[in-house]
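So you can see what is in the structure, the chains are spelled out below.
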Amino acid sequence: MILRKIKTFFKTNKLRLLIILLHRSFLSYYIKKFLKFQHAKLVEARARLSGRLELSPTEKLTAENLKQNGFVDVTSYFSNEDMLLLESKTLDLDKKISEINNVTYHKKFWSRMTDADSDSGNVNNIINRIALNHSILKVLHHYFSAPAFMDYSIVTKSVYSGEKYQISQLWHQDKDDNEMTKLFIYINDVTDLNGPFTLLNKKSSGKIPTSFLRNHIEDDFIFKRINQSEVLNLKGKKFTAFLVDTSKCFHMGSRISTPGQFRYMLTATFITLPSIYPWQVTDKYTNVEGLPVLEKLAVNQLPN
Ligand SMILES: O=C(O)CCC(=O)C(=O)O
Ligand SMILES: [Fe+2]
(Lines give C-alpha, C1' and ligand atoms only; values in the text may rest on other atoms or scores of the structure.)
(Ligands and ions follow the chains in the order given, each with its own letter.)
Protein backbone atom coordinates (compact mmCIF):
# COMPACT_ATOMS: atom_id res chain seq x y z
CA MET A 1 0.00 0.00 0.00
CA ILE A 2 2.66 2.48 1.10
CA LEU A 3 4.93 1.29 -1.69
CA ARG A 4 2.19 1.89 -4.20
CA LYS A 5 1.63 5.36 -2.78
CA ILE A 6 5.34 6.14 -3.10
CA LYS A 7 5.36 4.83 -6.67
CA THR A 8 2.35 6.95 -7.60
CA PHE A 9 3.98 9.96 -6.00
CA PHE A 10 7.10 9.53 -8.13
CA LYS A 11 5.07 8.85 -11.22
CA THR A 12 2.93 11.96 -10.86
CA ASN A 13 5.82 14.13 -9.84
CA LYS A 14 7.98 12.91 -12.69
CA LEU A 15 5.17 13.87 -15.01
CA ARG A 16 4.90 17.23 -13.29
CA LEU A 17 8.63 17.80 -13.73
CA LEU A 18 8.45 16.81 -17.38
CA ILE A 19 5.58 19.25 -17.98
CA ILE A 20 7.47 22.04 -16.21
CA LEU A 21 10.59 21.34 -18.29
CA LEU A 22 8.64 21.19 -21.56
CA HIS A 23 7.24 24.62 -20.80
CA ARG A 24 10.74 25.98 -20.52
CA SER A 25 11.35 25.08 -24.15
CA PHE A 26 10.01 26.45 -27.44
CA LEU A 27 7.47 23.59 -27.32
CA SER A 28 5.48 25.51 -24.71
CA TYR A 29 3.89 27.66 -27.41
CA TYR A 30 2.72 24.61 -29.36
CA ILE A 31 1.47 22.80 -26.25
CA LYS A 32 -0.69 25.81 -25.37
CA LYS A 33 -2.08 25.81 -28.93
CA PHE A 34 -2.82 22.10 -28.66
CA LEU A 35 -4.49 22.52 -25.25
CA LYS A 36 -6.72 25.29 -26.63
CA PHE A 37 -7.71 22.97 -29.46
CA GLN A 38 -8.32 20.11 -27.03
CA HIS A 39 -10.46 22.38 -24.82
CA ALA A 40 -12.09 24.19 -27.73
CA LYS A 41 -15.55 24.00 -26.11
CA LEU A 42 -14.33 25.83 -23.02
CA VAL A 43 -12.42 28.41 -25.07
CA GLU A 44 -15.42 29.06 -27.30
CA ALA A 45 -17.88 29.26 -24.41
CA ARG A 46 -15.66 31.77 -22.59
CA ALA A 47 -15.32 33.85 -25.77
CA ARG A 48 -19.07 33.75 -26.37
CA LEU A 49 -19.85 34.83 -22.82
CA SER A 50 -17.44 37.77 -22.89
CA GLY A 51 -18.72 38.87 -26.30
CA ARG A 52 -17.23 41.71 -28.28
CA LEU A 53 -15.93 44.42 -25.97
CA GLU A 54 -15.87 48.10 -26.84
CA LEU A 55 -12.70 49.64 -25.36
CA SER A 56 -12.51 53.36 -24.57
CA PRO A 57 -9.73 55.23 -26.43
CA THR A 58 -7.64 55.23 -23.22
CA GLU A 59 -8.12 51.50 -22.68
CA LYS A 60 -7.21 50.83 -26.30
CA LEU A 61 -4.03 52.89 -25.96
CA THR A 62 -3.13 51.00 -22.76
CA ALA A 63 -3.60 47.65 -24.53
CA GLU A 64 -1.52 48.80 -27.53
CA ASN A 65 1.29 49.99 -25.24
CA LEU A 66 1.25 46.66 -23.43
CA LYS A 67 1.45 44.84 -26.75
CA GLN A 68 4.29 46.99 -28.05
CA ASN A 69 6.48 47.39 -24.96
CA GLY A 70 5.45 44.47 -22.75
CA PHE A 71 4.47 46.85 -19.95
CA VAL A 72 2.28 49.90 -19.31
CA ASP A 73 1.41 52.30 -16.49
CA VAL A 74 -2.18 51.84 -15.25
CA THR A 75 -2.17 54.03 -12.13
CA SER A 76 -5.07 56.15 -13.40
CA TYR A 77 -7.47 53.18 -13.48
CA PHE A 78 -7.67 52.93 -9.69
CA SER A 79 -9.63 55.22 -7.37
CA ASN A 80 -7.91 56.83 -4.42
CA GLU A 81 -10.65 55.50 -2.17
CA ASP A 82 -9.86 51.87 -3.11
CA MET A 83 -6.13 52.49 -2.77
CA LEU A 84 -6.59 53.79 0.77
CA LEU A 85 -8.62 50.67 1.64
CA LEU A 86 -5.83 48.53 0.18
CA GLU A 87 -3.25 50.38 2.25
CA SER A 88 -5.22 49.96 5.43
CA LYS A 89 -5.76 46.22 4.71
CA THR A 90 -2.02 45.84 4.12
CA LEU A 91 -1.11 47.55 7.39
CA ASP A 92 -3.61 45.35 9.26
CA LEU A 93 -2.15 42.19 7.72
CA ASP A 94 1.39 43.28 8.57
CA LYS A 95 0.42 43.95 12.18
CA LYS A 96 -1.39 40.61 12.42
CA ILE A 97 1.55 38.62 11.03
CA SER A 98 4.13 40.42 13.16
CA GLU A 99 2.11 39.58 16.26
CA ILE A 100 1.63 35.89 15.42
CA ASN A 101 5.05 35.18 14.04
CA ASN A 102 7.57 37.61 15.39
CA VAL A 103 10.61 35.44 14.84
CA THR A 104 10.33 34.09 11.30
CA TYR A 105 8.32 36.79 9.55
CA HIS A 106 11.20 38.99 8.48
CA LYS A 107 13.71 36.27 7.77
CA LYS A 108 13.08 35.88 4.04
CA PHE A 109 13.48 38.77 1.62
CA TRP A 110 9.87 38.35 0.57
CA SER A 111 6.67 37.14 2.21
CA ARG A 112 3.11 36.66 1.06
CA MET A 113 1.10 38.61 3.57
CA THR A 114 -2.17 37.32 2.14
CA ASP A 115 -1.36 33.82 3.44
CA ALA A 116 -2.43 35.15 6.83
CA ASP A 117 -5.75 36.34 5.42
CA SER A 118 -8.55 33.82 6.00
CA ASP A 119 -10.72 35.71 3.53
CA SER A 120 -8.28 35.63 0.59
CA GLY A 121 -10.52 33.57 -1.73
CA ASN A 122 -13.50 35.89 -1.36
CA VAL A 123 -13.97 38.07 -4.46
CA ASN A 124 -15.27 40.87 -2.24
CA ASN A 125 -11.97 40.99 -0.37
CA ILE A 126 -10.49 44.41 -1.19
CA ILE A 127 -7.35 42.82 -2.71
CA ASN A 128 -9.40 40.72 -5.16
CA ARG A 129 -11.87 43.51 -5.79
CA ILE A 130 -9.06 45.87 -6.82
CA ALA A 131 -7.34 43.21 -8.94
CA LEU A 132 -10.62 42.57 -10.77
CA ASN A 133 -10.74 46.15 -12.11
CA HIS A 134 -13.17 46.24 -15.03
CA SER A 135 -11.00 48.40 -17.33
CA ILE A 136 -7.94 46.27 -16.63
CA LEU A 137 -9.93 43.14 -17.54
CA LYS A 138 -10.97 44.82 -20.79
CA VAL A 139 -7.37 45.75 -21.59
CA LEU A 140 -6.29 42.16 -20.87
CA HIS A 141 -9.12 40.80 -23.02
CA HIS A 142 -7.83 42.90 -25.91
CA TYR A 143 -4.23 41.86 -25.23
CA PHE A 144 -4.97 38.12 -24.97
CA SER A 145 -7.81 38.09 -27.54
CA ALA A 146 -9.58 36.06 -24.85
CA PRO A 147 -11.02 36.70 -21.39
CA ALA A 148 -8.42 36.77 -18.63
CA PHE A 149 -8.41 34.34 -15.71
CA MET A 150 -6.96 35.53 -12.39
CA ASP A 151 -4.56 32.83 -11.21
CA TYR A 152 -4.04 34.62 -7.87
CA SER A 153 -3.84 38.03 -6.25
CA ILE A 154 -1.57 38.61 -3.29
CA VAL A 155 0.04 41.35 -1.24
CA THR A 156 3.70 40.85 -0.46
CA LYS A 157 6.22 42.52 1.79
CA SER A 158 9.83 42.65 0.67
CA VAL A 159 12.47 43.37 3.30
CA TYR A 160 16.23 43.56 3.73
CA SER A 161 17.59 40.04 4.21
CA GLY A 162 21.35 40.57 4.17
CA GLU A 163 21.72 37.55 1.89
CA LYS A 164 22.96 37.11 -1.66
CA TYR A 165 20.28 37.99 -4.21
CA GLN A 166 18.18 34.98 -5.13
CA ILE A 167 15.06 33.83 -7.02
CA SER A 168 13.03 36.86 -8.14
CA GLN A 169 15.80 39.24 -7.05
CA LEU A 170 17.70 37.87 -10.07
CA TRP A 171 16.73 38.48 -13.71
CA HIS A 172 14.13 36.03 -15.01
CA GLN A 173 10.97 35.55 -17.06
CA ASP A 174 7.89 34.09 -15.37
CA LYS A 175 6.54 30.70 -16.35
CA ASP A 176 3.06 30.85 -14.81
CA ASP A 177 1.74 30.47 -18.34
CA ASN A 178 2.91 31.48 -21.80
CA GLU A 179 -0.08 33.79 -22.09
CA MET A 180 0.11 35.90 -18.96
CA THR A 181 0.33 39.42 -17.58
CA LYS A 182 0.82 40.63 -14.03
CA LEU A 183 -0.76 43.65 -12.40
CA PHE A 184 1.48 45.32 -9.81
CA ILE A 185 0.44 48.06 -7.39
CA TYR A 186 2.91 49.64 -4.95
CA ILE A 187 1.41 50.16 -1.51
CA ASN A 188 4.22 52.34 -0.22
CA ASP A 189 6.58 54.78 -1.98
CA VAL A 190 9.24 52.88 -3.92
CA THR A 191 12.70 54.38 -4.47
CA ASP A 192 16.13 52.90 -5.18
CA LEU A 193 16.34 52.03 -1.48
CA ASN A 194 13.43 49.57 -1.29
CA GLY A 195 13.81 47.40 -4.35
CA PRO A 196 11.87 48.80 -7.30
CA PHE A 197 10.47 46.38 -9.84
CA THR A 198 13.06 46.50 -12.63
CA LEU A 199 12.62 45.28 -16.19
CA LEU A 200 13.76 45.19 -19.79
CA ASN A 201 11.07 46.03 -22.31
CA LYS A 202 9.94 43.40 -24.80
CA LYS A 203 12.46 44.45 -27.46
CA SER A 204 15.48 44.50 -25.12
CA SER A 205 14.37 41.21 -23.57
CA GLY A 206 14.61 39.65 -27.02
CA LYS A 207 18.40 40.14 -26.89
CA ILE A 208 18.75 37.79 -23.91
CA PRO A 209 19.09 34.15 -24.93
CA THR A 210 16.84 31.84 -22.95
CA SER A 211 18.08 28.55 -21.63
CA PHE A 212 16.32 25.30 -20.95
CA LEU A 213 17.99 24.80 -17.59
CA ARG A 214 18.87 28.21 -16.25
CA ASN A 215 15.93 30.29 -15.11
CA HIS A 216 17.50 32.97 -12.92
CA ILE A 217 20.31 35.01 -14.40
CA GLU A 218 23.16 37.01 -12.86
CA ASP A 219 23.55 40.71 -13.81
CA ASP A 220 26.84 40.04 -15.68
CA PHE A 221 25.11 37.85 -18.23
CA ILE A 222 22.48 40.53 -18.89
CA PHE A 223 24.91 43.45 -19.16
CA LYS A 224 27.11 41.63 -21.67
CA ARG A 225 24.10 41.74 -24.00
CA ILE A 226 22.26 44.95 -23.27
CA ASN A 227 23.08 48.50 -22.33
CA GLN A 228 22.54 49.82 -18.80
CA SER A 229 20.35 52.54 -20.36
CA GLU A 230 17.83 49.90 -21.46
CA VAL A 231 17.03 48.98 -17.85
CA LEU A 232 13.71 50.36 -16.63
CA ASN A 233 13.68 50.99 -12.96
CA LEU A 234 10.04 51.45 -11.94
CA LYS A 235 10.31 53.80 -9.00
CA GLY A 236 7.08 55.47 -7.96
CA LYS A 237 4.85 56.92 -5.30
CA LYS A 238 2.54 54.58 -3.41
CA PHE A 239 -0.43 53.45 -5.52
CA THR A 240 1.62 53.46 -8.73
CA ALA A 241 0.21 50.60 -10.81
CA PHE A 242 1.51 48.85 -13.89
CA LEU A 243 0.83 45.83 -16.08
CA VAL A 244 3.79 43.72 -17.21
CA ASP A 245 3.89 40.68 -19.45
CA THR A 246 6.45 39.03 -17.19
CA SER A 247 6.68 35.98 -19.45
CA LYS A 248 8.12 38.17 -22.23
CA CYS A 249 9.97 40.88 -20.28
CA PHE A 250 13.02 39.96 -18.23
CA HIS A 251 12.64 41.43 -14.77
CA MET A 252 13.76 41.35 -11.14
CA GLY A 253 13.10 43.35 -7.97
CA SER A 254 12.99 43.46 -4.18
CA ARG A 255 16.72 44.24 -4.01
CA ILE A 256 16.77 46.01 -0.69
CA SER A 257 20.27 46.84 0.44
CA THR A 258 19.43 48.84 3.55
CA PRO A 259 18.17 47.29 6.81
CA GLY A 260 14.84 48.72 7.88
CA GLN A 261 13.68 49.40 4.32
CA PHE A 262 10.69 47.50 2.95
CA ARG A 263 8.25 47.43 0.04
CA TYR A 264 4.55 46.52 0.01
CA MET A 265 3.13 45.41 -3.33
CA LEU A 266 -0.04 43.89 -4.72
CA THR A 267 0.56 41.32 -7.46
CA ALA A 268 -2.26 39.81 -9.51
CA THR A 269 -1.42 37.19 -12.12
CA PHE A 270 -3.68 36.81 -15.14
CA ILE A 271 -3.52 33.97 -17.64
CA THR A 272 -5.72 32.55 -20.39
CA LEU A 273 -7.51 29.22 -20.04
CA PRO A 274 -6.81 26.38 -20.38
CA SER A 275 -3.71 26.74 -18.24
CA ILE A 276 -0.51 25.09 -19.48
CA TYR A 277 -0.42 23.19 -16.18
CA PRO A 278 -3.06 20.47 -15.76
CA TRP A 279 -3.00 20.87 -11.97
CA GLN A 280 -4.12 24.51 -12.17
CA VAL A 281 -7.02 25.16 -9.75
CA THR A 282 -9.83 27.18 -11.30
CA ASP A 283 -12.50 27.13 -8.60
CA LYS A 284 -10.82 28.69 -5.60
CA TYR A 285 -12.89 31.87 -5.37
CA THR A 286 -16.10 32.40 -3.39
CA ASN A 287 -19.05 34.83 -3.73
CA VAL A 288 -18.70 34.94 -7.51
CA GLU A 289 -22.46 34.97 -8.23
CA GLY A 290 -23.11 38.70 -8.23
CA LEU A 291 -20.18 39.66 -10.45
CA PRO A 292 -20.46 41.13 -13.96
CA VAL A 293 -19.57 38.66 -16.71
CA LEU A 294 -15.95 39.68 -17.40
CA GLU A 295 -15.14 39.58 -13.67
CA LYS A 296 -16.93 36.23 -13.39
CA LEU A 297 -14.83 34.80 -16.22
CA ALA A 298 -11.73 36.01 -14.36
CA VAL A 299 -12.55 33.96 -11.25
CA ASN A 300 -14.54 31.07 -12.65
CA GLN A 301 -13.56 28.77 -15.50
CA LEU A 302 -17.08 28.69 -16.91
CA PRO A 303 -19.83 30.52 -15.02
CA ASN A 304 -23.42 29.30 -15.39
O1 LIG B 1 9.94 41.58 -6.25
C2 LIG B 1 9.95 42.00 -7.40
O3 LIG B 1 9.95 43.20 -7.67
C4 LIG B 1 9.94 41.00 -8.53
C5 LIG B 1 8.71 40.17 -8.49
C6 LIG B 1 8.61 39.19 -9.61
O7 LIG B 1 9.55 38.71 -10.18
C8 LIG B 1 7.26 38.75 -10.03
O9 LIG B 1 6.27 39.08 -9.36
O10 LIG B 1 7.17 38.06 -11.05
FE1 LIG C 1 8.88 37.30 -11.79
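See the structure shown above.
Cut-off values and rules
Residues numbered from 1 in each chain as written. Chains lettered and ligands numbered in written order. Predicted model: local features only at pLDDT ≥ 70, side-chain atom pairs only at ≥ 80, totals over all residues. Near = placed C-beta within 6 Å. Nonpolar A, V, L, I, M, F, W, Y, C, P; charged D, E, K, R; others polar. Helix = DSSP H or I, 4+ residues; strand = E, 2+ residues; numbered from the N terminus. Buried ≥ 20, exposed ≤ 12 C-beta atoms within 10 Å, placed from the backbone. Contact = placed C-beta atoms within 7 Å. Pairing = 2+ DSSP bridges.

(A) Representation of the site of ligand 1. In the neighbourhood of ligand 1, the contacting residues comprise Ser158, Ser168, Asp174, Lys182, Phe197, Thr246, His251, Met252, Gly253, Ser254 and Thr267. Counted by class, the shell around ligand 1 contains two nonpolar, seven polar and two charged residues.

(B) Geometry of the environment of Asn188. Its location among the elements puts Asn188 in the loop between strand 4 (180-186) and strand 5 (197-200). The exposure class assigned to Asn188 is partly exposed, which follows from the 18 C-beta atoms found within 10 Å. In sequence terms Asn188 and Lys237 are 49 residues apart; their C-alpha atoms lie 6.9 Å from each other. Those residues in contact with Asn188 that lie beyond four places of it in its chain are Lys238, Arg263 and Tyr264.

(C) Region of interest: the pairing of strand 9 (residues 262-271). Most of strand 9 sits out of view: nine of its ten residues are buried. Bridge count for strand 3 (residues 149-159) against strand 9 is ten bridges, and the pairing is antiparallel. Bridged to Val159 within strand 9 is Phe262. Pairing analysis gives seven bridges linking strand 4 to strand 9, with the strands arranged antiparallel. Across the sheet, the residue bridging to Tyr186 is Met265, located in strand 9.

(D) Looking closely at the pairing of strand 5. Sheet analysis places strand 5 next to strand 6 (residues 231-234), joined by four bridges and oriented antiparallel. Its bridge partner being in strand 6, Phe197 is matched across the sheet by Leu234. With two bridges joining them, strand 5 and strand 8 (residues 251-252) adopt antiparallel strand pairing. Within the sheet, the bridge partner assigned to Thr198 lies in strand 8 and is Met252.

(E) Expanded view of the sheet that holds strand 8. Spatial ordering of the open sheet is given by 6-5-8, a layout of three strands whose pairing is antiparallel. At either margin of the open sheet sits one strand with a lone partner, and together these are strand 6 and strand 8.

Just geometry here; none of it tells us what the structure is for.
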